[in-house]
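Next come the chains, spelled out residue by residue.
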Amino acid sequence: ALYYEDYVLSMQYFNQAITAKPYLYEPWFFRGVAKYYLEDYAGAERDCSEALRRNPYVVNVYELRGLARIQQKKYSDAAADYSRALRYDPENLGLWHNRVLCHIQEKDYERALAQLDTMQARWSQYASAWTMRADVYMQQKDTTLAIEALRHSLDLDPYDGQTWAARSIISLSREEWAEAEEQLDHAIHLLPKRGG
């Protein structure tokens, strides 16, 4: 039922599994997955917490609870979940990425930049790390460093429409109309169904 995206039915099955074997973490976790997709983020967080009470070593549970907390704007708690998960899976790039995003949302730019340094040392070809770095620089009002970071990102992945769009915003703010138009053309070409 979960595979076929029938989340309400899958929750009924997981409720039965929880009633029959409440000591297993899996039914709690999978019911949390269903709740997450139904946009019941608080419920997903609670179910993940129950799963972690039963087995505190499952990276996927921390990851889902972190996502549920992000949706509720609990960025500090989400970052703590990603930190805990990274103890068990330190090479998980997605966990690093999400933790940096949490620090950016908390406006903890120093920590975000330090973790981006670590990410870029480990995954030098990961273009999104440069894009996140540019976001930090933009928040700090340093457009020169932001442009340089976006240039590095586009060198690694010239097909990222979001990065072209971010670059065009800077050009627009500087009234560099020709550059902005060219960058927007790239963004529109790569993201044709994306609205303004």
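Quick note: structure is the one above.
Now for a look at the structure at hand. (Residues numbered from 1 in each chain as written. Predicted model: local features only at pLDDT ≥ 70, side-chain atom pairs only at ≥ 80, totals over all residues. Heavy atoms only, no water.)

1. What to know about a negative patch on the surface
On the surface, E179, E181, E182 and D185 cluster together into a patch of negative charge. Within the secondary structure, E182 is located in helix 11 (residues 177-190). Its relative accessible area of 49% is what places E182 among the partly exposed residues. (Patch = residues over 30% accessible without salt bridge, like charges linked within 9 Å, V, L, I, M, F, W, Y side chains within 5 Å. Areas by Shrake-Rupley, 256 points an atom, 1.4 Å probe, with all protein chains shown as cover. Salt bridge = Lys/Arg side-chain N within 4 Å of Asp/Glu carboxyl O. Lys, Arg positive; Asp, Glu negative; His and termini not counted. Charge placed at Lys NZ, Arg CZ, Asp CG, Glu CD. Helix = DSSP H or I, 4+ residues; strand = E, 2+ residues; numbered from the N terminus. Buried < 20%, exposed > 50% of the residue type's maximum accessible area, 1.4 Å probe, protein only.)

2. Some details on the packing of aromatic side chains
Enumeration according to the criterion identifies 9 aromatic pairs in this entry. Geometrically, the ring pair formed by Y3 and Y4 is edge-to-face, given 4.9 Å between the ring centres and 90° between the ring planes. Clustering of aromatic rings is evident, with ring pairs tying together Y7, Y36, Y37 and Y41. The ring of W96 carries the charged tip of R99 above its face, separated from the ring centre by 4.8 Å. Stacked on the ring of W130, the Lys or Arg R133 has its end atom at 5.7 Å from the ring centre. (Phe/Tyr/Trp six-rings, centres within 6.5 Å; stacked < 30°, edge-to-face > 60°. Lys NZ or Arg CZ within 6 Å of the ring centre and 35° of its normal.)

3. Focus: the environment of Y126
Considering the arrangement of structural elements, one finds Y126 in the loop between helix 7 (109-122) and helix 8 (127-139). When its relative accessible area of 22% is taken as the criterion, Y126 is described as partly exposed. Distance in space between the C-alpha atoms of Y126 and D157 is 8.6 Å, their sequence separation being 31 residues. Here Y126 is in contact with L93, H97, M119 and L156, once residues within four sequence places are set aside. At 2.7 Å, the side chain of Y126 and the side chain of H97 are in polar contact. (Contact = heavy atoms within 4.5 Å. Polar contact = N/O pair within 3.5 Å; in protein donor to acceptor, adjacent residues only side chain to side chain.)

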